[in-house]
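Summary of structural features
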Amino acid sequence: MKRLFILGDSTAAVKSDNARPETGWGEKFGQYLKPDWLLENRAVNGRSTKDFLAKGELEEILSIASSGDIALVQYGHNDEKLDDPSRGARAWHEYIVNLLYIAGKLQQKGVRAIFLTSIARRKFENGLLVDTHGDWPAAMKCAAERAGVDCIDLTIPTMIGIMKEGEECSKKYFMNFSSGLYDNYPDGDEDNTHLRPEGAEWIASLVYEGLSKLEEKPEALK
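Report on the accompanying structure. Keep in mind that what you see is a predicted model, and the values were worked out from it rather than measured.

**Here we look at the side chain of T158**
- Mapped onto the elements, T158 comes out in helix α5 (residues 155-169).
- Residue T158 is classed as buried on the basis of its relative accessible area, which comes to 1%.
- Discounting chain neighbours no more than four positions away, the residues touching T158 are I119, A120, W202, I203 and L206.

So, in structure tokens, the structure goes:
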């Protein structure tokens, strides 16, 4: 059975019961795969390219990967945290180097790497959505071109989607809600990075749409 791997951070990862309703978009992506493909969601809360490599997780994936498998690679949220030396990776320096290394190792194993830029954070100032990702999406696109892999831009589509919903209605996608709605969050939450089920479904659909439009559509997709 062939595998589709998701390599990424908390926006894609499988969540624990005590974190619900928080949901990673990777948890909602299996519906788009053909039945003879296995989804391997290896996204981890807090991961950047830097500590993904430092912890040996790439080697773990390569040990079970086979030629013809696919890997969706989405890092950036935590690479941006330059004040954290264990995770921060400068956009035009370590981040690109790390992405090129990841793509190269996957390609050597015969795995098709596809990069995905980070989804937008829901941050409004004076009624306007603010771009919080700086140079990292552009750096990923540059790395993809140099590595010869496809790159799907999720940053701009998610910014557009959030703006269309508006400052208040867009909360439904994120862990931003009032008290009394969920047992795990009796006092509510104001998290504008992580997703609720509706947001995870939305992002998974955007990933599927982006993959479907590639010149070489991944054979894993329905």
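**Describing helix α2 (residues 57-64)**
- Residues of α2 that are buried: E57, L58, I61 and L62. Looking down the long axis of α2, one finds its buried residues gathered within 135° of arc, a one-sided arrangement.

**A look at the pairing of strand β1 (residues 2-8)**
- Summarising burial for β1: five of the seven residues are buried, a large majority.
- Judged from the five bridges that link them, β1 and strand β2 (residues 37-41) form a sheet pairing that is parallel. Within β2, the residue paired with R3 across the bridge is L38.
- Judged from the five bridges that link them, β1 and strand β3 (residues 70-74) form a sheet pairing that is parallel. Counterpart to F5 in the pairing with β3 is A71.

**Quick notes on the sheet that holds β3**
- An order of β2-β1-β3-β4-β7 is seen for the five strands of this open sheet, with the pairing classed as parallel. At either end of the open sheet lies a strand with only one pairing partner, and these are β2 and β7 (150-152). Taken over all neighbouring pairs, the strand axes of this sheet differ in orientation by 20° on average, direction set aside.
- Summarising the sheet, strand β4 (residues 112-116) and β7 pair through three bridges and their orientation is parallel. Bridging from a neighbouring strand, F115 pairs with C151 of β7.

Analysis parameters
Residues numbered from 1 in each chain as written. Predicted model: local features only at pLDDT ≥ 70, side-chain atom pairs only at ≥ 80, totals over all residues. Heavy atoms only, no water. Helix = DSSP H or I, 4+ residues; strand = E, 2+ residues; numbered from the N terminus. Buried < 20%, exposed > 50% of the residue type's maximum accessible area, 1.4 Å probe, protein only. Contact = heavy atoms within 4.5 Å. Arc of directions from axis to C-beta. Pairing = 2+ DSSP bridges. Axes fitted to C-alpha atoms, helices over the stretch in contact; angles between N-to-C directions.

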